[in-house]
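# Coordinate analysis (summary)
Spelled out, the chains give:
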Amino acid sequence: MTSDKVKVFTKAFGFFIPYLGRTALQRVAAVGHRWSWQNTPDAKNVVVLGGSFAGIELVKRLSETLPTGYKAIWIEKNSHLNFSFNFPRYSVLEGHEHAAFIPYDGIAKNAPAGIFTRIQDKAIGVTENNQIQLASGDNIDFEYLAIATGSSQPLPVQVTSTERNKGCHELQGVQKTIKASQKIAIIGGGAVGVEIASDIKDFYPDKEVTLVHSRGQLLNNFGKRFGDYTLNALRDELQIRVLLNERPAIPGNFARGAALKFSDGHEEQFDLVIGCTGQRPNSSVLAAAYPNTLAKNSRILVRSTLQVFDSTDAKKDLPMFAFGDVADHPGPRMARAGLMQSEVVLDNILAKINGQPANRTYTPNWFVEGAIKLTLGKKHEVTYAMDNDGSDIMMPDRNGKLDLEIESAWKRYGVDFKEVRKGKTEAEPEVQVPAAVQV
Ligand SMILES: Cc1cc2nc3c(=O)[nH]c(=O)nc-3n(C[C@H](O)[C@H](O)[C@H](O)COP(=O)(O)OP(=O)(O)OC[C@H]3O[C@@H](n4cnc5c(N)ncnc54)[C@H](O)[C@@H]3O)c2cc1C
């Protein structure tokens with residue numbers, strides 16, 4: 001583990017020093033830009049669709065760099081940033097869910113007035129004459145479009161409500177249902193399934209918790225030693241029953257009083273079955289007008305420049321980019337990858353505005369972008385990262401914080417954590433979580 005720490009330090013140093021240098025230069029340039037940018041009535045729109053980990057980064061940078069004659073329009077259906085990293089923990093731990101909904105007020109708050117507008121609405125389509133169609137009935141013109149609509153997963157990974165209070169109520173409903181259930185099965189041994197299983201067992205040691213995974217190794221998208229370490233922690237420390245190589249039919253992603261049938265033919269009844277599998281890319285906005293920009297996995301086809309392309313006419317120059325989890329890029333589906341990609345999209349949009357070719361390309365840095373901090377119960381955390389050559393580092397820690405240090409996320413998005421008290425959903429009504437929500 002000591003050599004892992006040395007490797008992390010060396011890698012982080014090599015990455016973050018130039019990164020911090022670039023960021024410092026950007027801050028200085030932003031000050032000059034604030035004074036020089038002018039709000040003109042005929043300014044053309046650069047539209048950013050999606051305001052989560054990837055989209056926010058592009059909005060911030062566009063508002064520091066767009067030349068006079070252009071402005072950013074940011075379309076996001078949610079009222080707050082849904083800090084979904086913490087949703088598994090806040091599905092079990094009570095009283096913190098409101099902190100996972102971070103106000104958008106702090107984003108680009110020093111930008112010149114008028115350079116960006118946030119619209120809370122759902123995009124339902126893109127037309128061939130460069131307009132976004134919104135659920136409200138409005139249409140927004142764009143000169144360039146950057147799509148960062150991510151992917152969808154049902155509760156408890158994501159909430160369906162677009163408003164914070166209703167989202168809180170959904171998480172409170174999950175907490176209550178988990179608390180009221182004695183025998184619980186979690187299906188899916190990826191990061192979310194592992195985190196929920198270990199939190200349920202650590203917060204409620206008397207419950208019977210079973211984690212069911214279709215592969216022979218937990219966390220099979222990562223290296224074997226991470227999977228083995230996690231299996232030991234779950235089985236030996238937390239006394240969770242882990243069933244590998246089992247693929248029972250899922251009765252619903254949050255099904256109460258449901259049975260699972262296993263490969264040996266036996267059927268077992270559970271008070272609650274939580275499905276933690278499957279992500280659906282939110283790419284339907286392109287489906288009607290640009291069906292050939294979608295890959296078989298429903299992600300959006302992108303060149304190495306992250307510009308969207310049509311598979312039937314790959315040379316066609318579409319004024320669209322896609323990045324983050326919705327794009328069919330070669331990097332990890334992680335927030336840090338979205339951050340890195342936002343810089344590529346920014347440079348390419350600015351190049352096009354200046355009449356230059358969009359030729360900055362994205363090459364994933366797996367070690368930095370694919371690193372994960374996994375929780376294995378209340379205090380046990382493991383940081384894991386794998387390099388492009390297959391070598392990896394793993395660093396366990398036993399000092400995790402119950403609220404997963406959400407305060408620092410608020411700070412990162414420019415809002416004072418004291419604001420968390422505003423509009424806190426104190427007296428929640430009785431929440432109805434559907435008996436079985438189909439995936
Ligand atoms: C439990 C958990 C823990 C994680 N931990 C980490 C971690 O530690 N580090 C890390 O780097 N990554 C982590 N990830 C992965 C990370 O959350 C994703 O990679 C990241 O959310 C992708 O960001 P995104 O902006 O591309 O998409 P999303 O986060 O999915 O956001 C898409 C946004 O687009 C909006 N949207 C979608 N469709 C529309 C529409 N039609 N109209 C308007 N708005 C729309 C959505 O409301 C949403 O705000 C974790 C994931 C989970 C589930």
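Residues numbered from 1 in each chain as written. Predicted model: local features only at pLDDT ≥ 70, side-chain atom pairs only at ≥ 80, totals over all residues. Heavy atoms only, no water.

### What to know about the confidence of the model for the chain
Averaged over the chain, the pLDDT score is 93; the fraction of residues at 70 or greater is 95%. Of the regions scoring below 50 in pLDDT, residues 426-439 engages in 30 contacts with residues more than four places distant in sequence or in other chains. (pLDDT = per-residue confidence, 0-100. Contact = heavy atoms within 4.5 Å.)

### Concerning the site of the ligand
Close to the ligand lie 26 residues, the nearest being S52, E76, A123, D325 and A335. Expressed as a share of its isolated accessible area of 1000 Å², the protein-covered part of the ligand is 88%. Secondary structure elements with two or more residues in the shell around the ligand: α2 (53-65) and α7 (335-353). Within the shell around the ligand, the residues separate by chemical class into 10 nonpolar, nine polar and seven charged. (Near = heavy atom within 4 Å. Areas by Shrake-Rupley, 256 points an atom, 1.4 Å probe, with all protein chains shown as cover. Helix = DSSP H or I, 4+ residues; strand = E, 2+ residues; numbered from the N terminus. Nonpolar A, V, L, I, M, F, W, Y, C, P; charged D, E, K, R; others polar.)

### Quick notes on helix α4 (residues 164-180)
The terminal C-alpha atoms of α4, which comprises 17 residues, lie 24 Å apart, in line with the 24 Å expected from a rise of 1.5 Å per residue. With 12 of 17 residues buried, α4 is to be regarded as a mostly interior element. Every buried residue of α4 is listed here: R164, G167, C168, H169, E170, L171, Q172, G173, V174, Q175, T177 and I178. (Expected span 1.5 Å × (residues − 1). Buried < 20%, exposed > 50% of the residue type's maximum accessible area, 1.4 Å probe, protein only.)

### Focus on the side chain of D310
Mapping D310 onto the fold places it in the loop between β16 (280-281) and β17 (320-322). Look at D310: it is buried, it has no salt bridge, and the nearest opposite charge is K316 at 4.9 Å. Beyond its immediate sequence surroundings of up to four residues, D310 is in contact with N292, T293 and L318. (Lys, Arg positive; Asp, Glu negative; His and termini not counted. Salt bridge = Lys/Arg side-chain N within 4 Å of Asp/Glu carboxyl O.)

### A few points about the sheet that holds strand β20 (residues 392-397)
Pairing is antiparallel in the open sheet, where three strands are placed in the order β18-β19-β20. In this open sheet, the two strands that pair with only one neighbour each are β18 (372-375) and β20. The sheet shows a mean angle of 20° between the axes of neighbouring strands, direction not considered. Here strand β19 (residues 381-386) pairs with β20 via six bridges, running antiparallel. Bridge assignment links Y384 to a residue of β20, and that residue is M394. Packed onto the sheet, helix α6 (residues 224-237) meets β18, β19 and β20 and runs at close to 20° relative to β20. (Pairing = 2+ DSSP bridges. Axes fitted to C-alpha atoms, helices over the stretch in contact; angles between N-to-C directions.)

### Focus on α7
The end-to-end C-alpha distance of α7 is 27 Å, a good match for the 27 Å that 19 residues give at a rise of 1.5 Å each. With respect to burial, α7 is a largely interior element, 15 of its 19 residues being buried. Note on α7: the residue one or two positions beyond its end, G355, has a positive phi of about 75°.

### Considering the packing of aromatic side chains
Under the counting rule described, the total for this entry stands at 13 aromatic pairs. Look at F15 and Y19: their rings are 5.6 Å apart centre to centre, the planes differ by 15°, and that puts the pair in the stacked class. Here Y19 and F15 lie together in helix α1 (residues 2-36), a separation of four residues that amounts to about one turn. When its relative accessible area of 15% is taken as the criterion, F15 is described as buried. On the numbers, 5.6 Å between centres and 85° between planes, the contact of F222 with F226 is edge-to-face. On the accessibility criterion, F222 (22% relative accessible area) is partly exposed. An aromatic cluster of at least three residues, connected via ring pairs, comprises F15, F16 and Y19. One cation-aromatic arrangement involves K183 over F270; the distance from NZ or CZ to the ring centre is 5.0 Å. Above the ring of Y204, the side-chain terminus of K207 is found at 4.8 Å from the ring centroid. (Phe/Tyr/Trp six-rings, centres within 6.5 Å; stacked < 30°, edge-to-face > 60°. Lys NZ or Arg CZ within 6 Å of the ring centre and 35° of its normal.)

### Digging into the pairing of strand β14 (residues 254-261)
Across seven bridges, β14 lies against strand β15 (residues 267-275) in antiparallel orientation. Looking at β15, one finds that A259 is bridged to Q269. Hairpin connection from β14 to β15: five residues lie between these consecutive antiparallel strands, with G265 at a positive phi of about 95°.

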